Amino acid sequence: MKRIKILQLINSEKVLDDVLIKGWIRTKRDSKNFSFIEINDGSCLKNMQVVVDENLPSYADLKKVTTGSAIAVSGDLVPSKGSGQKWEVLAKSIEIISLAPDTYPLQKKRHSDEFLRSIAHLRPRTNKYGSIFRIRSELSWAVHNYFRERGFRYIHTPIITGSDCEGAGELFRVTTLTPPFPTTPDEKIDFSTDFFGAESNLTVSGQLSAEMFALSLGDVYTFGPTFRAENSNTSRHVAEFWMIEPEMAFCDLIENMDLGEDLIKFLITFVLDNCSQDIDLFARFVDKQLISTLKNIVSSEFERIPYKKAVDILLRSNKSFTYPISHGLDLQSEHERYLAEQFFKKPIVIYDYPKTIKPFYMRMNEDDETVAAMDILVPRIGELIGGSQREERLDVLENRMDLLGLPKESYWWYLDSRRYGSAPHSGFGMGFERLLMLITGVTNIRDVVPFPRTPGNIDF
Ligand code: 4AD
Ligand code: MG
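Residues numbered from 1 in each chain as written. Chains lettered and ligands numbered in written order. Predicted model: local features only at pLDDT ≥ 70, side-chain atom pairs only at ≥ 80, totals over all residues. Heavy atoms only, no water.

The name given to the protein chain in an unreviewed UniProt entry is Asparagine--tRNA ligase, with the source organism recorded as Desulfosarcina ovata subsp. ovata. The record held by UniProt for the protein chain lists under Subcellular location (unreviewed entry) the comment "Cytoplasm". On record in UniProt, under Sequence similarities (unreviewed entry), the comment for the protein chain is "Belongs to the class-II aminoacyl-tRNA synthetase family." (UniProt positions renumbered as here; feature names shortened; annotations may be inferred.)

Structure representation (structure tokens):
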């Protein structure tokens with residue numbers, strides 16, 4: 001008998017004889033002559049109710065099965081007599097695959113997110129985390145579909161690299177450990193060798209490599225893990241996160257904003273249309289306003305304002321911020337959230353930032369003070385996208401690198417792209433986890449990553 005996923009059964013149009021399902025027990029309830037077992041196999045949020053008649057040979061064994069145990073059930077799919085589900089499985093035979101002892105941490109009760117974080121290896125077995133990670137999977141596919149349908153090529157940019165794209169120095173160094181290894185605690189490990197003699201680190205962004213491919217293949221994107229050695233404990237930063245980074249040749253800042261806005265709306269719409277069962281859980285238990293917030297974003301036209309105006313609005317507001325703001329300073333998350341959440345009440349695009357707070361590769365504006373940067377801020381999260389038009393003029397770029405003290409010789413390959421067939425081009429990076437927070441209403445980034453990497457979190 002071939003195993004069938006519960007997702008298929010709950011969508012069945014007709015009764016089915018002899019189905020086989022395998023999964024984990026969520027709850028068990030005994031009544032006179034019957035036991036009712038709720039099984040979940042992870043294929044969807046919904047459990048399948050299994051009805052076990054006391055005359056079944058394995059009924060006695062079943063008395064001892066516990067929450068969390070893995071079982072296989074074969075039986076018939078029949079209309080359910082109970083309320084809450086269309087179908088149930090009338091068991092013909094049951095095999096206990098493994099019994100979970102009563103130390104199983106996920107007994108039926110509400111668990112706090114903090115507790116579940118401490119058992120990140122088991123939390124996908126709960127409704128909430130099962131839904132998060134199914135949405136995360138669907139959303140990944142949607143990202144690829146979006147770009148593929150628009151003729152973008154998918155580039156695998158390197159994880160180990162010698163460059164620091166953002167220049168913020170938040171790097172994890174990569175070291176080659178060569179034998180012989182120390183045998184006593186007094187002997188020191190030699191960390192000086194680095195990447196076979198060269199300095200290297202984990203990438204903070206695939207952008208610089210993606211630019212090379214945009215200037216070759218036209219429209220490209222990369223979507224992969226990126227790393228920041230930020231020793232900070234905030235609800236929207238992790239040390240390892242996934243970034244979606246499109247990069248387009250012959251594309252200016254406005255077209256770049258257009259793409260960012262369109263991508264956000266597409267991905268939200270995709271999840272609302274295709275993950276309604278899982279999203280509904282968040283709309284009921286996490287954020288009652290979730291669906292209307294998301295629909296508002298999709299139907300709104302994002303406000304676009306220069307950095308100067310954003311700071312003026314903040315200065316005129318009567319809010320007392322923890323970090324005071326003034327012209328020339330970078331926006332903190334409280335400022336971003338005030339602008340998107342309270343002032344405009346919708347996503348906003350802030351552009352033309354002072355050159356002093358942005359990286360070397362951004363295109364200098366005519367005022368020589370601001371660069372063609374754009375960040376997209378959304379309610380509840382703040383910055384979701386950071387991007388820019390890139391500096392395509394070799395002399396201007398070299399000048400900027402000199403002023404910032406960047407070693408031009410290390411960027412010889414990057415500068416080559418400005419020497420040979422340089423062209424205007426733009427791109428951005430969208431934090432995949434922040435997008436998931438926006439879409440699910442989850443407020444801590446640690447809860448949308450399977451195994452979050454934050455200070456003190458490296459066990460799993
Ligand atoms: O603004 P960032 O630093 O931009 C770049 O890295 C550019 N090189 C991207 C590009 O133009 N191709 O990061 C982009 C986005 C942020 O807007 C944020 O959503 C997310 O990445 N992000 C983080 N997400 C989680 N944890 C962190 N520590 C993050 N740092 C940035
Ligand atoms: Mg940024």
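## A word on the sheet that holds strand β2 (residues 34-40)
Around the barrel, which closes on itself, the 5 strands sit in the order β1-β2-β3-β5-β4 with mixed pairing between neighbours. On average, adjacent strands in this sheet sit at an angle of 55 degrees to one another, irrespective of strand direction. Pairing geometry for strand β1 (residues 16-31) and β2, over 7 bridges, is antiparallel. Across the sheet, the residue bridging to Ile25 is Ile39, located in β2. (Pairing = 2+ DSSP bridges. Helix = DSSP H or I, 4+ residues; strand = E, 2+ residues; numbered from the N terminus. Axes fitted to C-alpha atoms, helices over the stretch in contact; angles between N-to-C directions.)

## Quick notes on a nonpolar patch on the surface
Together, Ile159, Ile160, Phe195 and Phe196 make up an exposed nonpolar region whose accessible area comes to about 390 Å². Following the sequence through the fold, Ile160 ends up in strand β7 (residues 160-161). Given a relative accessible area of 40%, Ile160 falls into the partly exposed group. (Patch = residues over 30% accessible without salt bridge, like charges linked within 9 Å, V, L, I, M, F, W, Y side chains within 5 Å. Areas by Shrake-Rupley, 256 points an atom, 1.4 Å probe, with all protein chains shown as cover. Salt bridge = Lys/Arg side-chain N within 4 Å of Asp/Glu carboxyl O. Buried < 20%, exposed > 50% of the residue type's maximum accessible area, 1.4 Å probe, protein only.)

## Some details on helix α7 (residues 276-285)
Among the residues making up α7, those that are buried are Asp278, Ile279, Leu281, Phe282 and Ala283. Its buried side turned inward, α7 meets α4 (127-149), α6 (253-274), α8 (290-299) and α13 (432-440). (Contact = heavy atoms within 4.5 Å.)

## Side note on the packing of α6 against α13
Their axes nearest at 11 Å, the elements α6 and α13 cross at an angle of 50 degrees. Between α6 and α13, the crossing angle belongs to the class labelled oblique. Pair α6 / α13 crosses with right-handed handedness. On the side of α6, the interface is formed by Leu267, Ile268 and Val271, while α13 contributes Leu435, Leu438 and Ile439. Classifying every residue of the contact of α6 with α13 gives 6 nonpolar, no polar and no charged. (Parallel < 35°, antiparallel > 145°, perpendicular 65-115°, else oblique. Left-handed = near helix turned anticlockwise from the far one by under 90°. Nonpolar A, V, L, I, M, F, W, Y, C, P; charged D, E, K, R; others polar.)

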